[in-house]
There are 2 protein chains.
Amino acid sequence: MRKGTSEDVRRENLTAVLRALMVGGDMSRADLGRLTGRNRSTVASLVSDLAGLGLVDEQDPVTDGTVGRPSHGVALSSSVAAFAVHPEVDALTVAIVGLDAQVRRKVRHEFDRIPTMAEVVHLASTVMAAMGAEESGFRMTGIGVAVPGLVRTVDGLVRNAPHLQWREEPLGASLAEATSLPVHVANDAQLGALAERDYGAGRGVSHFVYINGGASGIGGAIVAGGDLLGGAHGYAGELGHTPVSGSDRVDNVGIPGSLEAEVTREELLSLLGPDHMDPESFDSALLADRSDAVAAAVARHQRHLAIALGTVVNVLNPERILLGGFLASLLAYNPQGLRTALEARALAPAMEGVDIVSAQLGANLLLVGAAHRALEPLVDDPASMSGARTD
Amino acid sequence: MRKGTSEDVRRENLTAVLRALMVGGDMSRADLGRLTGRNRSTVASLVSDLAGLGLVDEQDPVTDGTVGRPSHGVALSSSVAAFAVHPEVDALTVAIVGLDAQVRRKVRHEFDRIPTMAEVVHLASTVMAAMGAEESGFRMTGIGVAVPGLVRTVDGLVRNAPHLQWREEPLGASLAEATSLPVHVANDAQLGALAERDYGAGRGVSHFVYINGGASGIGGAIVAGGDLLGGAHGYAGELGHTPVSGSDRVDNVGIPGSLEAEVTREELLSLLGPDHMDPESFDSALLADRSDAVAAAVARHQRHLAIALGTVVNVLNPERILLGGFLASLLAYNPQGLRTALEARALAPAMEGVDIVSAQLGANLLLVGAAHRALEPLVDDPASMSGARTD
DNA sequence: CAGCATTTGTTCGTTTCCGCGACTAATGCG
DNA sequence: CGCATTAGTCGCGGAAACGAACAAATGCTG
C-alpha cells in the first residue's frame, strides 16, 4: 500500500506464501498455489526466491497416491528463529522459537526474589549468548519479550508492571544495547492472543477477545479484523480494570469495583485449602470441589466476569471469547452459568453466535507469541532477510 | 492484497489519488504527485484514467504565483454522489451528497407518529425518485442509511431500533428492492464517526472513540487504526450499556446501572425547565445555568460518564475521545471536571495524551457519513465506475 | 504392461504498470 | 530578454504476474 510499485506486489506475494506455510504447515508447491490463488509459475518463482533467502527448504517431489506428477514439498526453514524472553516474578524463561512455532531450546532460571530490570537484561543477554544460537546454525532475527504489565510498544518502555514492581523501565532499549538485536517488547496477554490466533483457539477467527487470569491479576487482548488491537501506544486490552460492581474493593491500580478487584484466583484458592498450587492442580481441584462454599464463590465470580464480558461483547462484538488461566477453570466449573449471566448483560444480537471457550495453548503460549512478534517484520518483508545478518 | 497482480497496484493507486482529493480537497496534479509519492507520469496517467471514468475533472493550468510551469488542477467530479437516508422518530431526511462531502439536495419529511419501516422505505424511495437525481446530472452510486439502532451490516437487517420500535426489520433488502440501487445500512453513531474521521474532529487521528448523546440514548463507535471497528456483524461500539454504577436503574434493554440508565438528557432537561428543546438551545441553556442543582447533576453525570470512558481508555487506548450531542454540553460545562474524574478511572499511561474534545460536525454529520459509506466501494475500486450505471 | 488421462514443473512470450530520462512548455525573476 | 525553475509529455526499460505450450511423472485401465 505504501509506494505502489511492482516490488510491493512481490513482497506481498512472498509474505502470502510464508503465511500460508505458517498457518497450514509444510505443503506442496501445488497446494501453495491453490491456497494463495497464484499461478503455477508465480509460485515456483516465489518459492525459489524464499529458498534463496534461506526461509524455506525445497524438498524432492513426494508421491501422495493421487494421479499426476508429484509436486515439490516446501518446508519452513528450521534454522530461522527468534529469541523469546519472559520475565516473571519468580523466574526468567529464555527460548529459541522457530518460524514454525517449534520451541527449539528453552532455559528457565528461578529467582529467589523479584528481579530488577537490570538483572533480567543482564541474565537474559548472558543466557542468549551462552545458547550459541548462531553456532548451532540458527539464524536469529530478533528478540520478543513478554512482560506482565503495560508496555509502550514503540520503544519497549515498561510503564508499569505491578507484579514485577517495575515502573518506567527502558527494557527494550537496554536489551537492544546489550544484544545488538532488534527487540520487541509487548504485554504478555497481547502476545498470548497472537499465539492463540495463529495456533490456538483463535485460528480462523478474525474478531476475538482473549482474557487470561493469573495469580498476578487479569490481562486481556483484543484481536479485531485479524490484527491485534494495540491502540495508540500499545496499552489496549486492559480488561481487568473494567467496573463490575459498586463495591469499594480496589485493584492494584486503585480502581474500585473492577473485575480484577472482584475476581481473584487467590480468593478461590483460599477456599480450596492449599496456599500454593500450579495452574493444572488448581483447575482439577476447583472442578472436583462441589461444596456449597465453592459453588457460591464460583457463581459470584462468574457473575462479575459476566458483567465485564458483557461490556466487551457490547463494545467489540467479537465472535469468540477465549478464557485463559483460572478464568478457564471458572468457565469449566459451570459453562452454562457463565453464559446465562453474560446473556443478561449483553445485547442479544451482539451475543448471538458468540463462542465462549478455553484458550488452547499451554506452557509455551507466551514464548511462541513473543518470538513470533520478533519474526513478524521478517514475514512482512521476506526480502529483508538478505545477508542472514549474524551480528 | 487479494490477487497480487499489477492491476491491484493500479487500483490502489487510483484509490490513493481519490482519497488524497477527498481529504485534501481539490489540488494540482503536481501536489497530488507529492502527496501520494508517485511519479509525474504515473500521476498523469492515473488522473487521466479517473477523468475518463468521470470521477474527477481536469482543469486548465492555473498560475499560483510561484515560479515554474503551472500545473493542471484536479477536482472531484461534482456529479458523482450517493443518497443518504436518515429515519428518526419524528422525521425522515433524504439527501444527495457528493464525493466532495457537499450536501447537494436535502429533503426533510416530518411525521406525526413513529413511522414503520415499510413507511420509511416507501417514502424514501418515492422522495429519491422525485428528486430526479439522474436527470439533474448526478450519477448515484448507492444509498447509505443511518439507523439509530443495531444493524447487521452485511444485509442491512435492523435488529433492534428501540426508539423507532423496529425489531428485525429487513430495511436493507426492502430498500434495495424498491430502488434497485446498492444499499448500505449502518448504525448512526458509526456513520457519524466516519464523517468525523474524514472531515471533523477525527481528522488524522487513527485511534479514537466517538460517543454521542441524544434524546433517545447514547450511541458510540470506535475507529481503530483508521478503520471503523464493526466487530463480527457490525454491532460494535455500543458504549451506552457499559456499567457505571451499582444502581438498579435500567436502560431500554434492561441492563442495570449502565451509562445510558444513569446519564440522560431528559434528566438534565427537567432541571432546566422546558419540556422540549433543540440541541443548540439545550447546550446554551445548560452552560448558562450555574445553579447548585444543575452543577450537582452535571457533576454526577460527568462522574458516570467518566467511569464508562475509563473502561474505554483502558480497553482501547485511544488518542482522542469525541463527544457529541448533550455529552459535548456535559464536557463544555466543566472540561476539567470530566478529565479529572476520568483520570481517577483510567490507567495513567493509557490516559496520557488523550484528548477529550467535542465533535465538530453539525447537522449534516450523519448524511455525509451515510452517503460516504455508500461511496466507499467506488473509492476502493474506482475502475468499477464503468458505464455510470443509471438503473 | 502399454497407452491414456491427469497433474505439475519449466520455459518463454505477453501484458500491465511504474519509474526514469530527455525534451518541451510555461512561468517568475533579475 | 535570457535564465532558473517547475511541470507536462513521450518513449524506453525493468519488474512481475499470467497464460500457453511442452515436458515429466504419476495412477488408472484394458
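Quantities reported herein were computed from a predicted structural model and do not represent experimental measurements.

Engineer: Please clarify how the overall build of chain A should be interpreted in this entry.
Structural biologist: Broken down by element type, chain A carries 14 helices and 16 strands. For chain A, the C-alpha radius of gyration of 22 Å lies close to 21 Å, the compact-globule estimate for 391 residues. Expressed as lengths along the three principal axes of its C-alpha atoms, the size of chain A is roughly 65 × 50 × 40 Å. The proportion of buried residues among the 391 residues of chain A is 55%. Put simply, 62% of the contacts in chain A that link residues at least 6 apart link residues at least 24 apart.

Engineer: Even after reading the chapter, I still don't get the protein's contact with DNA strand D, so can you show me in this structure?
Structural biologist: Around DNA strand D sit 27 residues in total, of which Arg-10, Asn-13 and Thr-42 of chain A together with Arg-29 and Ser-71 of chain B are the nearest. The protein-proximal atoms of DNA strand D, defined as those within 4 Å of the protein, are 72% sugar or phosphate. Between DNA strand D and the protein, one listed contact pairs a base oxygen with a side-chain N or O atom of Arg-40 of chain B at 2.9 Å. A distance of 2.5 Å is found between a phosphate oxygen of DNA strand D and a side-chain nitrogen or oxygen belonging to Ser-71 of chain B. If you list the elements that add at least two residues to the surface near DNA strand D, you get helix 1 (6–24) and helix 3 (40–52) of chain A together with helix 2 (29–36) and helix 3 (40–52) of chain B. In terms of residue count, the dominant contributor to the surface near DNA strand D is helix 1 of chain A (five residues). Considering only residue class, the surface near DNA strand D consists of five nonpolar, 14 polar and eight charged.

Engineer: Looking at this structure, how should I read the protein's contact with DNA strand C?
Structural biologist: Near DNA strand C lie 27 residues; those nearest to it are Arg-29 and Ser-71 of chain A together with Arg-10, Ser-41 and Thr-42 of chain B. Here DNA strand C approaches the protein such that, of its atoms within 4 Å, sugar and phosphate make up 71%. Take Ser-71 of chain A: an N or O atom from its side chain is 2.4 Å from a phosphate oxygen of DNA strand C. Within the backbone of Asn-39 of chain B, a nitrogen or oxygen atom sits 3.3 Å from a phosphate oxygen of DNA strand C. Sorting the residues of the surface near DNA strand C by element identifies helix 2 (29–36) and helix 3 of chain A together with helix 1 (6–24) and helix 3 of chain B as the ones contributing at least two each.

Engineer: Which parts of the structure should I look at to understand the domain arrangement of chain A?
Structural biologist: Often the size quoted for an interface is simply the accessible area lost on bringing the parts together. All names here are of chain A. Domain parsing of chain A yields domain 1 (6–76), domain 2 (80–191 + 365–384) and domain 3 (201–358). Computed over C-alpha atoms, the centres of domain 2 and domain 3 are 27 Å apart. Counting from both sides, the interface comprises 12 residues of domain 2 and, opposite them, 13 residues of domain 3. For the pairing of domain 2 and domain 3, the buried interface totals around 1000 Å² over both sides, and the portion due to carbon and sulfur atoms is 58%. Three residues stand out in domain 2 for area buried against domain 3, namely Leu-150, Ala-189 and Gln-190, and they jointly supply 49% of the buried area on that side.

Engineer: I would appreciate a short explanation of the relation of the copies chain A and chain B in the present structure.
Structural biologist: Relating one copy of the chain to the other takes a rotation about an axis and a shift parallel to that axis. Turning chain A through 180° and shifting it by 0.0 Å along the axis lays it on chain B, with an RMSD of 0.1 Å. In short, the pair behaves as if placed about a two-fold rotation axis. By C-alpha distance to the rotation axis, the residue of chain A lying nearest is Gly-246 of chain A, at 2.3 Å.

Engineer: Sorry if this is basic, but what is going on with the packing of helix 10 (residues 292–316) of chain B against helix 11 (residues 326–333) of chain B here?
Structural biologist: When two helices pack together, their arrangement is given by the angle between the helix axes and by the axis-to-axis distance. All names here are of chain B. The geometry of helix 10 relative to helix 11 is characterised by a closest axis approach of 10 Å and an angle of 115° between their N-to-C directions. One way to sum up the angle between helix 10 and helix 11 is to call them roughly perpendicular. As for the relative orientation of helix 10 and helix 11, their crossing is left-handed in sense. Contacts from Val-294, Ala-295, Val-298, His-301, Gln-302 and Leu-305 in helix 10 reach Leu-327, Leu-330, Leu-331 and Tyr-333 in helix 11.

Engineer: Where do I start with the packing of helix 6 (residues 188–199) of chain B against helix 14 (residues 365–380) of chain B in this structure?
Structural biologist: All names here are of chain B. Look at helix 6 against helix 14: their axes get within 7 Å of each other, and the N-to-C directions meet at 90°. The angle between helix 6 and helix 14 falls in the class roughly perpendicular. Here helix 6 contributes Asp-188, Leu-191, Gly-192, Leu-194, Ala-195, Glu-196 and Tyr-199 to the contact with helix 14, which in turn contributes Leu-365, Leu-366, Val-368, Gly-369, Ala-370, His-372 and Arg-373. The class makeup of the residues in the contact of helix 6 with helix 14 is eight nonpolar, three polar and three charged.

Engineer: So what exactly am I meant to see when it comes to the side chain of Arg-159 of chain A here?
Structural biologist: Within the secondary structure, Arg-159 of chain A is located in strand 9 (residues 157–161). Overall, Arg-159 of chain A belongs to the buried group, its relative accessible area being 6%. Filtering out sequence-adjacent residues up to four positions away, Arg-159 of chain A remains in contact with Leu-150, Val-151, Arg-152, Trp-166, Arg-167, Glu-168 and Tyr-235 of chain A together with Pro-349 and Glu-352 of chain B.

Engineer: Help me understand the sheet that holds strand 4 (residues 80–87) of chain B in this model?
Structural biologist: The pairing of strands in a sheet happens through backbone hydrogen bonds and is either parallel or antiparallel. Residue and element names in this part refer to chain B. Across the sheet, five strands lie side by side as 6-5-4-7-11; this open sheet has mixed pairing. In this open sheet, the two edge strands, each paired with only one partner strand, are strand 6 (103–110) and strand 11 (183–187). Across this sheet, the average inter-strand angle for adjacent strands is 20°, counted without regard to direction. Direction of pairing for strand 4 relative to strand 5 (residues 91–98): antiparallel, over a ladder of seven bridges. In the strand pairing of strand 5, Val-85 is matched with Val-94. Against the sheet, helix 5 (residues 171–179) makes contact with strand 7 (139–147) and strand 11, and its axis sits at roughly 150° relative to strand 11, the strand it touches most.

Engineer: Looking at this model, I keep getting lost on the pattern of salt bridges. Mind explaining?
Structural biologist: When their charged atoms lie close together, side chains carrying opposite charge are able to pair. Tallying each qualifying case throughout the model produces 38 salt bridges over all chains. Residue Arg-320 of chain A is joined to Asp-355 of chain A by a salt bridge in which the shortest nitrogen-to-oxygen separation is 3.3 Å. Residue Arg-320 of chain A is found in strand 15 (residues 320–325), and its partner Asp-355 of chain A is found in strand 16 (residues 355–358); the two are separated by 35 residues along the sequence. Of the residues examined, Arg-320 of chain A reaches a relative accessible area of 21% and is grouped as partly exposed. The residue Asp-155 of chain B makes a salt bridge to Arg-152 of chain B at a minimum N-O spacing of 2.6 Å. Judged by its relative accessible area of 25%, Arg-152 of chain B falls in the partly exposed class.

Criteria and cut-off values
- Residues numbered from 1 in each chain as written.
- Chains lettered and ligands numbered in written order.
- Predicted model: local features only at pLDDT ≥ 70, side-chain atom pairs only at ≥ 80, totals over all residues.
- Heavy atoms only, no water.
- Helix = DSSP H or I, 4+ residues; strand = E, 2+ residues; numbered from the N terminus.
- Rg over C-alpha atoms; globule rule 2.2 N^0.38 Å.
- Buried < 20%, exposed > 50% of the residue type's maximum accessible area, 1.4 Å probe, protein only.
- Contact = heavy atoms within 4.5 Å.
- Near = heavy atom within 4 Å.
- Polar contact = N/O pair within 3.5 Å; in protein donor to acceptor, adjacent residues only side chain to side chain.
- Nonpolar A, V, L, I, M, F, W, Y, C, P; charged D, E, K, R; others polar.
- Domains from an automatic or database assignment.
- Buried area = accessible area lost by both parts, 1.4 Å probe.
- Least-squares fit on C-alpha atoms with pLDDT ≥ 70 in both.
- Axes fitted to C-alpha atoms, helices over the stretch in contact; angles between N-to-C directions.
- Parallel < 35°, antiparallel > 145°, perpendicular 65-115°, else oblique.
- Left-handed = near helix turned anticlockwise from the far one by under 90°.
- Pairing = 2+ DSSP bridges.
- Salt bridge = Lys/Arg side-chain N within 4 Å of Asp/Glu carboxyl O.

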